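These are the residues of each chain, in order.
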Amino acid sequence: MTTVNVYLTFEGNCEEAFNHYKSVFGGEFSGVNRFKDMPPQEEGMEVPEADGGKIMHMSLPISTETALMGSDSVGEWAGKTVFGSNFSISINTDSMDRAQHLYNGLAEGGHETMPLAPTFWSPGFGMLTDKFGINWMISLDHKDA
């Protein structure tokens, strides 16, 4: 199954925002990951120590099919948050073939931000901006890989 969700980007107040959203929507967070909990990164991709407690990924289920997801933008390698365009459409799918098809189709004529490749949280994850300026995240669900 393929699902589509909104992914929000914040400048250090993701946790505060998500606690507010939780008070509005109810429920419990299905995941809270901080930058300090990441495995060691390659040279030039380290997160500044002061940003270690900020949110790398957070998810609040809204229904059985949808979730509100978000993170803080930290480090020199992260893009500058521009309010009004500080979101991506996140697609989770259950097969690498489907993930690659979606990634390739959306990337056509656009800009690949992060190639679809294995990460420490997923067997396949990639980011891009399509030719219309829309930000996308494609992720292969690890439980179905």
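**Q** Help me get a handle on the side chain of Ser122, residues and values and all.
**A** Within the secondary structure layout, Ser122 lies in the loop between β6 (111-117) and β7 (125-129). Separated by 2.8 Å, the side chain of Ser122 and the backbone oxygen of Leu140 make a polar contact. Setting aside anything within four residues of it in sequence, one finds Ser122 in contact with Ser139 and Leu140.

**Q** Which residues make up the packing of aromatic side chains, and what values go with them?
**A** Each pair of aromatic rings is reported with the distance of its centres and the angle of its planes. For the structure on display, the rule yields 4 aromatic pairs. On the basis of an interplanar angle of 70° and a centroid distance of 5.7 Å, the ring pair of Phe18 and Tyr21 is categorised as edge-to-face. Linking Phe18 with Tyr21, this pair stays in helix α1 (residues 14-25), spanning 3 residues, or about one helical turn. Its relative accessible area of 0% is what places Phe18 among the buried residues. A ring pair is formed by Phe120 and Trp121, whose centres lie 5.1 Å apart and whose planes are at 90°; its orientation type is edge-to-face. Within the aromatic cluster, the residues linked to one another by ring pairs are Phe10, Phe18 and Tyr21.

**Q** Describe in detail α1, supporting the description with residues and values.
**A** A rise of 1.5 Å per residue sets the reference length of α1, with its 12 residues, at 16 Å; its end C-alpha atoms lie 16 Å apart and thus fit the reference within 8%. Residues of α1 that are buried sit in contact with β1 (3-10), β3 (55-61) and β4 (67-72). One or two residues past the end of α1 sits Gly26, with phi positive at roughly 80°.

Criteria and thresholds
Residues numbered from 1 in each chain as written. Predicted model: local features only at pLDDT ≥ 70, side-chain atom pairs only at ≥ 80, totals over all residues. Heavy atoms only, no water. Helix = DSSP H or I, 4+ residues; strand = E, 2+ residues; numbered from the N terminus. Polar contact = N/O pair within 3.5 Å; in protein donor to acceptor, adjacent residues only side chain to side chain. Contact = heavy atoms within 4.5 Å. Phe/Tyr/Trp six-rings, centres within 6.5 Å; stacked < 30°, edge-to-face > 60°. Buried < 20%, exposed > 50% of the residue type's maximum accessible area, 1.4 Å probe, protein only. Expected span 1.5 Å × (residues − 1).

By themselves, these observations are geometric and do not establish any function.
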